[in-house]
Amino acid sequence: MTKSVHHWIAGRTVEGTSGDWGPVTDPATGEVTTRVALASAADVDEAVAAARAAYATWGTSSLAQRTAVLFRFRALLDAHRDEIAALITAEHGKVHSDALGEVARGLEIVDLACGITTQLKGELSTQVSTGVDVAAIRQPLGVVAGITPFNFPAMVPMWMFPLAIACGNTFVLKPSEKDPSASVRLAELLTEAGLPDGVFNVVHGAKPAVDRLLEHPDVAAVSFVGSTPIARYVHAAASANGKRVQALGGAKNHMLVLPDADLDAAADAAVSAAYGSAGERCMAISAVVAVGATGDALVEKIRERAEKVKVGPGTDPDSEMGPLITREHRDKVASYVTGAAAEGCEVVLDGTGYRVEGHEGGHWIGLSLLDKVPTTARAYQDEIFGPVLCVLRAETYEEGLALVNASPFGNGTAIFTRDGGAARRFQLEVQAGMVGVNVPIPVPVGYHSFGGWKDSLFGDHHVYGNDGVHFYTRGKVVTTRWPDPAEAPAGIDLGFPRNH
């Protein structure tokens, strides 16, 4: 081991009290390169206490002070984007260009947070009744927490904390212990930008750290991104403890390809969206629904393209797809392919035997393509979170739509067609939170909100955009009357107040 990653509490690194450490591997080699401190409940309490103390002044600081810090942070983040991308590649395994894209999308939310003055300007109605004005304002919650996944160690935290602290909250982040370095580097840059100590804190760990955040009486709200079973657990536990919760779960994103679609464009999109970041994206297209007679031609075009994708270390500029995060995850993903034929799938491409010369210990798996997949197959029912694309067949638009809507997930979906009427029907009829029309990965821009339906979201708020601002603030309505000194007292009136 050459490196240790500690917690970040009150503006400094803290080793913690548990004495427990977790391994962090380089997915391209399988070697343990780092150890990360795992938090005890006492460590979480220390981070929450630091955040609570900082809230006393940060929560009442001016918008000008908050945005000044965020503008400086944005400049530092931009200047260090290559460095942060390199940390992501080293611990997650995704190729450097993909890691740079992750940082860029996180920057979008920082941009939004820098303009928080507009989002928090409130409303005023004058003379709602004689001499009476009403104002609506939004105020911060206090200490809020974020629990984030391994697949976007920089971007997903930036979906949360920039808006949270811009709104006046203080923040405790519990990132994935599988790739923790990016989150600590973000904390260092925030401190360099002038963020007061304790406003942003990072604690690493597993379930004990998560459970303490969910039950801690000083944590007002919890944001989570991860699998559906854990999202459901986080939502139930945090809600039971009186917290506001947004918990984003898993996905099985479908792409409906109609007979009039440009099949070359659809095949390009399917390969890019299914295999980018080795399929470890909650917005990955993992199921293509080919309508009518398009199936055979579309599958052949996908196969031709998939066979040409170069899989290798994320540090290699020629690599287009890197390894999976852990060997255990690699083996689980492979099991869906090796068992596919027995479940009625046609295995067009089997990437389970893929190896990279000189990196034999890496967590490698090649691109896999399954055709004519029945809805009963595990590869279709489960969120695989790896480079496995399922192709299903439907005779009509209606049959394809029904198949998409029957899924328990409703994160993102896409339709490929030249027919504007069909596209309009789809965007209104499909049961998913994010829809792409000839766009395979419809991740909204920062000033809209990200979130799914059904088992892909637990809670009422999506992340970032207007939903993010509303999640991290609560409304207050102030009714004001300043009577004229010369006005006679109104006297006692026990009737219900009426405006006049």
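This text gives an overview of the structure that appears in the document. Treat the numbers as computed from the prediction; the structure is a model and nothing was measured. (Residues numbered from 1 in each chain as written. Predicted model: local features only at pLDDT ≥ 70, side-chain atom pairs only at ≥ 80, totals over all residues. Heavy atoms only, no water.)

Side note on unusual backbone geometry
- A positive phi angle, near 55 degrees, is found at A10, a position not held by glycine.
- Along the chain, A10 falls in the loop between β2 (7-9) and β3 (12-14).
- Although it is not a glycine, Y464 adopts a positive phi angle of roughly 45 degrees.
- A relative accessible area of 2% places Y464 in the buried class. (Helix = DSSP H or I, 4+ residues; strand = E, 2+ residues; numbered from the N terminus. Buried < 20%, exposed > 50% of the residue type's maximum accessible area, 1.4 Å probe, protein only.)

Observations regarding the nonpolar core
- Judged by nonpolar contacts, the single largest core of 65 residues is most densely connected at W159 and F171.
- Per-element accounting of this core gives the leading share, 10 residues, to helix α6 (residues 155-166).
- The next biggest cluster of nonpolar side chains, apart from the first, holds 64 residues, and it includes L367, L370, L392 and L403. (Core = buried A, V, L, I, M, F, W, Y, C linked by side-chain atoms within 4.5 Å.)

A closer look at helix α12 (residues 327-338)
- The end-to-end C-alpha separation of α12 is 16 Å, in line with the 16 Å expected for 12 residues at 1.5 Å each.
- Looking at α12, one finds that the buried residues are H329, R330, V333, A334, Y336 and V337. Looking straight down α12, one finds that the buried residues subtend no more than 150 degrees of arc, so they occupy a single side. Opposite its buried face, α12 presents the exposed residues E328, K332 and T338, each directed more than 90 degrees away. (Expected span 1.5 Å × (residues − 1). Arc of directions from axis to C-beta.)

Observations regarding the pairing of strand β16 (residues 368-371)
- Neither face of β16 is exposed, since S368 and L370 on one face and L369 and D371 on the opposite face are all buried.
- Alignment of strand β15 (residues 346-349) against β16, held across 3 bridges, turns out to be antiparallel. Paired with L349 across the two strands is L369, which belongs to β16. (Pairing = 2+ DSSP bridges.)

Points about the packing of aromatic side chains
- As enumerated under the stated definition, the model contains 9 aromatic pairs in all.
- Between the aromatic rings of F171 and F200, the centroid separation amounts to 6.0 Å while the plane-to-plane angle is 25 degrees, which identifies the pairing as stacked. Residue F171 is located in strand β9 (residues 170-174), and its partner F200 is located in strand β10 (residues 200-202); the two are separated by 29 residues in the primary sequence.
- Under the relative-accessibility criterion, F171 is labelled buried at 0%.
- A ring pair is formed by F450 and Y464, whose centres lie 6.3 Å apart and whose planes are at 45 degrees; its orientation type is tilted. You can see F450 sitting in the loop between β20 (434-437) and β21 (453-454) and its partner Y464 sitting in the loop between β22 (457-458) and α16 (465-471), a full 14 residues away along the chain. Y464 carries the same exposure label as F450, and that label is buried.
- Taken together, the ring pairs in this structure connect F73, F161, F171 and F200 into an aromatic cluster.
- Between R35 and the ring centre of W21, over which it is positioned, the NZ or CZ distance is 3.6 Å.
- The aromatic ring of Y336 is capped on one face by R378, whose charged end is 4.4 Å from the ring centroid. (Phe/Tyr/Trp six-rings, centres within 6.5 Å; stacked < 30°, edge-to-face > 60°. Lys NZ or Arg CZ within 6 Å of the ring centre and 35° of its normal.)

Describing the sheet that holds strand β1 (residues 3-5)
- On the basis of which strands lie adjacent, the open sheet formed by 3 strands has the order β1-β5-β4 and mixed pairing. With one partner strand each, in any of the chains shown, β1 and β4 (21-26) form the two edges of the open sheet. On average, each strand axis in the sheet is tilted by 35 degrees relative to the strand beside it, whichever way the strands run.
- Each of β1, β4 and β5 (31-37) is contacted by helix α3 (residues 81-92), which is oriented at about 100 degrees to β4, the strand it contacts most. (Axes fitted to C-alpha atoms, helices over the stretch in contact; angles between N-to-C directions. Contact = heavy atoms within 4.5 Å.)

Section: the pattern of salt bridges
- Under the definition given, this model contains 28 salt bridges.
- Among the ionic pairs, R74 bridges to D111, the shortest N-O distance being 2.4 Å. Of this pair, R74 sits in helix α2 (residues 63-79) while D111 sits in helix α4 (residues 96-114), placing them 37 residues apart in sequence.
- The class for R74 is partly exposed, based on a relative accessible area of 24%.
- In this structure, R212 and E215 form a salt bridge, with 3.2 Å as the shortest nitrogen-oxygen distance. One end of the pair, R212, and the other, E215, are both in helix α8 (residues 207-215), 3 residues apart, so they sit about a helical turn from each other.
- The exposure class assigned to R212 is buried, which follows from its relative accessible area of 18%.
- A relative accessible area of 42% means that E215 is categorised as partly exposed.
- It is possible to trace a salt-bridge network through shared partners that takes in D264, D268, K301 and R305. (Salt bridge = Lys/Arg side-chain N within 4 Å of Asp/Glu carboxyl O.)

Purely geometric numbers; function is a separate question.
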